[in-house]
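One-letter residues, chain by chain:
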Amino acid sequence: MLPPDFLTQLRDGARERRRDRPKGPEMAAVEDLTGPGGVPVRRYRPGGDGLPLLVFLHGGGFVFCDLDTHDRTCRRIARACDVDVLAVDYRLAPEHPHPAALDDAVAVLRQARPAAVAGDSAGGFLAAAACLALRDTGGPLPALQALICPNTDLTLTRPSITEKGTGYGLDADELAFFAASYVPDPAARAAASPLHAPDLTGLPPAVVVTAEHDALRDEGDAYARRLAAAGVPVRHRREAGLPHGFIQNMDLTSAVAAAAHDRVFADLRELIPRDR
């Protein structure tokens, strides 16, 4: 059972961890800006003119994390992939339930018109959902979506929720808290979930990376299969031996995770178009 102050613990813990974390690669410029509707965004420029733009949506169960918690990750993506990165500080639940975070993501994508959108965990959910929303409303779609250990199914009914939902760093009771915070009505969770979208045709090519010991593994794998079945080009990889959230600074302690990071960066370097 989660403690009554679980959300406060999550947010305080994230702030504490980011204070002790290495900064990450130096950038030619880092700018804190205001996006559409007042949403805070941060642009990372590794150097050079005319680089492709990647919009990044951070993880955190829809309820915690921010621009600072994922600052090092965004710096590393920018440097390793030779892209500008625009990180989005979308509104958090439970103060701002669905569709607030999705609305923020869609608004930034409409304005920025990036070459790619990427996200980890809840950010992967928002990246996938934003692409669906843009497709359905005729908005400009990015040329690539990169989903890293993504949520795709808020019903939490896939076998890995039980199989990997205890002792691997992301527990099933935490996932239930996140889903309830983001979409309080259980009956609305399937409709909000990318995996339950009736039609996945016409979406951008995708990189979908899941992890063996992740409770969200099966829903990420299932989304990759559904994209491919809908005719969307998909590069899908399940990283052996790794837990949920490995993309977020686990390279500092694990050579296996560091190698997985390098594979993600190589995917992005190869697949992000340079002529937009």
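Whatever comes next refers back to the structure up there.
Quick caveat, the model's predicted, so the values are computed rather than measured.

Here the focus is the overall build of the chain. In terms of helices and strands, the chain carries 9 helices and 8 strands. The C-alpha radius of gyration computed for the chain amounts to 17 Å, which stays within 12% of the reference 19 Å derived for 276 residues, consistent with globular compactness. For the C-alpha atoms alone, the extent of the chain along its principal axes is close to 50 × 45 × 40 Å. Considering the chain as a whole, with its 276 residues, one finds that 56% of them fall into the buried category. The long-range share in the chain, meaning contacts at least 24 apart out of those at least 6 apart in sequence, stands at 77%. With an accessible surface of roughly 11100 Å², the chain has 52% of that area assigned to carbon and sulfur atoms. Computed over 31 positive and 37 negative side-chain charges, the separation of the two mean positions in the chain equals 3 Å.

Before going further, it helps to examine the environment of Leu144. Inspection of the secondary structure assignment puts Leu144 in strand 6 (residues 144–148). Spatially, the C-alpha atoms of Leu144 and Ala118 are 8.3 Å apart, while their sequence positions differ by 26 residues. Leaving out residues up to four positions away in the same chain, Leu144 has contacts with Ala115, Ala116, Val117, Pro204, Pro205, Ala206, Val207, Leu268, Leu271 and Ile272.

Ranked by internal contacts, the top residues of the largest apolar core, which has 59 residues, are Leu126, Tyr182 and Tyr223. Of all the secondary-structure elements, those providing two or more residues to this core are helix 1 (6–19), strand 3 (53–57), strand 4 (84–88), helix 3 (100–112), helix 4 (122–137), helix 6 (172–182), strand 7 (206–213) and helix 8 (217–229). With 10 residues, the top contributor of residues to this core is helix 4.

Below, the discussion takes up the packing of helix 3 against helix 4. Between helix 3 and helix 4, the least distance of the axes is 9 Å, while the angle of their chain directions is 65°. As for the relative orientation of helix 3 and helix 4, their crossing is right-handed in sense. Listed contacts from helix 4 to Ala101, Leu102, Ala105, Val106, Leu109 and Arg110 of helix 3 are Leu126, Ala129, Ala130, Ala133, Leu134 and Thr137. In terms of residue class, the contact of helix 3 with helix 4 is built from 10 nonpolar, 1 polar and 1 charged.

Moving on, we get to the pattern of salt bridges. Applying the stated criterion to the full structure yields 24 salt bridges. We note a salt bridge from Asp136 to Arg135, for which the minimum N-O separation is 2.8 Å. A relative accessible area of 22% means that Arg135 is categorised as partly exposed. For Arg237, the salt bridge is made with Glu239, and the minimal N-O distance between the two is 2.9 Å. For Arg237, a relative accessible area of 19% gives the class buried. You can call Glu239 buried: its relative accessible area is 5%.

This part takes up the state of the cysteines. On inspection of all chains with the given rule, the structure shows 0 disulfides. Left without a disulfide partner, Cys65 is nearest to the cysteine sulfur of Cys74, which lies 11 Å away. The class of Cys65 is buried, set by a relative accessible area of 14%. Here Cys131 is not disulfide-linked; the sulfur of Cys74 is the nearest cysteine sulfur, at 17 Å.

Further remarks concern the packing of aromatic side chains. Counted by the stated rule, this structure contains 6 aromatic pairs. Measuring from centroid to centroid gives 5.2 Å for Phe62 and Phe125, while their planes differ by 90°, and the two rings are edge-to-face. Note that Phe62 is positioned in the loop between strand 3 and helix 2 (71–81) and Phe125 in helix 4, a separation of 63 residues in sequence. Taken as a pair, Phe62 and Phe125 share a single burial class, namely buried. Ring-pair connections join several aromatic residues into one group, and the members of that group are Phe6, Phe64, Phe177 and Phe178.

Each value, and the rule that gives it
Residues numbered from 1 in each chain as written. Predicted model: local features only at pLDDT ≥ 70, side-chain atom pairs only at ≥ 80, totals over all residues. Heavy atoms only, no water. Helix = DSSP H or I, 4+ residues; strand = E, 2+ residues; numbered from the N terminus. Rg over C-alpha atoms; globule rule 2.2 N^0.38 Å. Buried < 20%, exposed > 50% of the residue type's maximum accessible area, 1.4 Å probe, protein only. Contact = heavy atoms within 4.5 Å. Areas by Shrake-Rupley, 256 points an atom, 1.4 Å probe, with all protein chains shown as cover. Lys, Arg positive; Asp, Glu negative; His and termini not counted. Charge placed at Lys NZ, Arg CZ, Asp CG, Glu CD. Core = buried A, V, L, I, M, F, W, Y, C linked by side-chain atoms within 4.5 Å. Axes fitted to C-alpha atoms, helices over the stretch in contact; angles between N-to-C directions. Left-handed = near helix turned anticlockwise from the far one by under 90°. Nonpolar A, V, L, I, M, F, W, Y, C, P; charged D, E, K, R; others polar. Salt bridge = Lys/Arg side-chain N within 4 Å of Asp/Glu carboxyl O. Disulfide = S-S within 2.5 Å. Phe/Tyr/Trp six-rings, centres within 6.5 Å; stacked < 30°, edge-to-face > 60°.

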